Amino acid sequence: MEAIRKQASKLREQVARQQQAVMKQFGGGYGADGVFADEAEAQQHSKLEKLYISTRAAKHFQRDIVRGVEGHIVTGSKQVEIGNKLCEDGKKYGTENTCTSGSTLSKAALSFAKARSMMEKERGNLLKALGTQVAEPLRAMVMGAPLEDARHLAQRYDRMRQEAEAQTIEVSKRQMKLREASGNSDMVARLEAAESKLQELKSNMGVLGKEAVAAMTAVEAQQQRLTLQRLIALVESERNYHQKVLQILDQLEREMVSERQRIEGAPPPVIESSMPPPPAYEEVNGIFMRNTVAELVETVEYFLAEAIQSYRAESDTELNLSAGDYIVVRKVSNNGWAEGECRGKAGWFPYDYIEKRERVLASKVAQVF
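So, how was this worked out
Numbering of residues begins from 1 in every chain and follows the order in which that chain's sequence is written. Only residues with pLDDT of 70 or above have their local features reported here, since the model is predicted, and side-chain atom pairs are shown and tallied only from 80 upward, although totals for entire chains, interfaces and linings are computed over all residues. The side-chain quantities take in all heavy atoms of the structure and omit both hydrogens and water. Two rings from Phe, Tyr or Trp (for Trp, the six-membered ring) form a pair when their centres are within 6.5 Å of each other. A pair whose planes differ by under 30 degrees is stacked, one over 60 is edge-to-face, and the rest are tilted. Every helix listed is a DSSP run of H or I at least four residues long, and every strand listed is a run of E at least two residues long, numbered separately from the N terminus. Categorising residues by exposure relies on relative accessible area from a 1.4 Å probe, with only protein chains included: less than 20% of the type maximum marks a residue as buried, more than 50% marks it as exposed, and the intermediate range marks it as partly exposed. Here, over-ring charges are defined by two tests on the NZ atom of lysine or the CZ atom of arginine: distance to the ring centre within 6 Å, and angle to the ring normal within 35 degrees. Whenever a helix is involved, its axis is fitted only over the stretch in contact; in every case the axis is a line through C-alpha atoms, and angles between N-to-C directions fall within 0 to 180 degrees. Geometric relationships in this document are graded by angle, where less than 35 degrees denotes roughly parallel, more than 145 denotes roughly antiparallel, 65 to 115 denotes roughly perpendicular, and other angles denote oblique. Left-handed describes a crossing whose near helix is turned anticlockwise from the far helix by less than a right angle; the clockwise case is right-handed. Charged means Asp, Glu, Lys or Arg here, nonpolar means Ala, Val, Leu, Ile, Met, Phe, Trp, Tyr, Cys or Pro, and polar covers whatever is left, Gly included. Here, two residues are considered to be in contact whenever any of their heavy atoms come within 4.5 Å of each other. Here the rule is simple: two strands pair whenever DSSP picks up at least two bridges between them.

K.L.:
What is the right way to read the packing of aromatic side chains from this model?
P.N.:
In this description, an aromatic ring pair is defined by two values, namely the gap between the centres and the angle between the planes. Going through the model one piece at a time under the given rule, you end up with two aromatic pairs. Where tyrosine 311 meets tryptophan 337, the ring centres are 6.3 Å apart and the plane angle is 80°; that geometry is what we call edge-to-face. Here tyrosine 311 is found in the loop between β2 (303-307) and β3 (326-333), whereas its partner tryptophan 337 is found in strand β4 (residues 337-342), with 26 residues between them in sequence. Considered together, tyrosine 311 and tryptophan 337 belong to a single accessibility category, that of buried residues. Within the aromatic cluster, the residues linked to one another by ring pairs are Tyr311, Trp337 and Tyr353. Positioned over the ring face of phenylalanine 303 is lysine 356, at 5.1 Å from the centre of the ring.

Take a look at the structure:
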C-alpha cells in the first residue's frame, strides 16, 4: 500500500510539472490561481501528508504495545500457575515434615510458601492492570472510529485533489484549443463549464482539506496523549509490583536469616542422661575392689558383640566405637555399662550400643585384636 501511495505521488508531481509547463507556454489564466500555484493549498496538502504518516506510525506503535502486553500477560499467567504449585509444595512439606532433628526447615518452608503466595497474588494484580489499563484502551483507539473517520476524510481529500489536478489540465487544453480556433462559441461554452467545475472542485477541496487536517490533528494529539498515559500506567504498575515483591522478599529474608543465626549461635544441646558414669576401670579389674564396686558388676562372662551405633568416649576409661565394630565383652554392669576390648583397646561403653552375636566371621574376629 505504501509503495502504491509513493508511486501515485510521483505521478501527480509529474502531471503537475507538465501542467505548469503547458500553462506557462500558453499563458493560461490559471497560472497564479491554479491548484499547484496556490501556496495555502500546497501547505495544507503537505501538512495532511505529514499527519497521515504520523498517525499511521503511532497506530503501529500502539498495536506493538498491545501485542507485547498481551504476550506478557500470557507468559505471566503461566508463571503464576508455576509459582502457585511451588507454594503448595512448600506448604505440604512444612505441614507434613517428619524430620526428627528439628522443625527449622519446616518453618522456613511455610514462610517461603506464604511469601510465594503473596508474590503470585501481586503478579496476578499486575497482569490484570496491564490488561485493563494498557492493552484495552490502546486496542480501542487502534480500532476506534475517530482514527478511521479522519483517515477517510484524508483519503477523500486526496481523491478530490487528484480530480482537481486532472480538471486543471483539462482547462489548460481547452484554453489552447480556443486560442487555435478563436471565436468558436461552442469551445468558449465548454471552457467556461470546465472552469466552473474547476472552481467548484477547488472550493470543495479547500473545505474538505481543512476538515481532514482538523480531524487528523485531533487524532494525532489524542494518540500522543493516550499512548503516553498508557506507557506511564504500564511503568507505574510494574514499579508498584516490584516494590511490593521486594518488601515481601525482604521480610522473608529477615525471617530466614534470623532463624539461621538463632541456630548457628545457639549452644550445643545438652543431652540429659540418667545413666551413671561407668565404674572406675581399675576398680572393676580388682585393683581397689570394694563391695559397692563388686555389686555393680552383674556378670563377668566373655562374649562377642557388634556395635549397632557409634559411641564417642568422653574419658580415658571409655572405649570409642564405630557402627559395625566387633567387641569382646568381658564385663556387664547393672548400671547400663559394659567393658570390653576392640581393635587392641579396652574400656567402658554403653551396653545399649551393642548386640550380642553367636556367630562371627573369622576375619571379623581378627579385627577385635
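K.L.:
I would appreciate a short explanation of the packing of helix α2 (residues 39-96) against helix α3 (residues 104-142) in the present structure.
P.N.:
Between two packed helices, both the angle of their axes relative to each other and the distance between the axes serve to describe the pair. With their axes 8 Å apart at the nearest point, α2 and α3 run at an angle of 160° to one another. Overall, the two elements α2 and α3 adopt an arrangement that is roughly antiparallel. Regarding α2 and α3, the two cross each other, and that crossing is left-handed. The class makeup of the residues in the contact of α2 with α3 is 20 nonpolar, 14 polar and eight charged.

K.L.:
Before we go on, may I ask you to explain unusual backbone geometry in this structure?
P.N.:
Residues other than glycine predominantly adopt negative phi, and peptide bonds predominantly adopt the trans conformation. The backbone of arginine 343 shows a phi angle near 55°, a positive value even though the residue is not glycine. Looking at the element boundaries, arginine 343 is found in the loop between β4 and β5 (345-350).

K.L.:
I tried to follow the environment of tyrosine 241 on my own but got confused; where do I start?
P.N.:
Inspection of the secondary structure puts tyrosine 241 in helix α5 (residues 185-265). Once the C-alpha coordinates of tyrosine 241 and glycine 124 are considered, the two residues, 117 residues apart in sequence, prove to be 9.7 Å apart. Once you skip the residues sitting within four places of it in the chain, tyrosine 241 turns out to touch Met119, Glu122, Arg123 and Leu126.

K.L.:
Looking at this structure, I do not really get the pairing of β3. What am I missing?
P.N.:
Each regular strand shows side chains that alternate between the opposite faces of the sheet. With eight of its eight residues buried, β3 lies for the most part within the structure. In this sheet, β3 lies alongside β2 in antiparallel orientation, the contact comprising four bridges. Along β3, the bridge assignment pairs alanine 305 with isoleucine 327. Joining the antiparallel neighbours β3 and β4 is a turn of three residues, in which glycine 336 adopts a positive phi near 95°.

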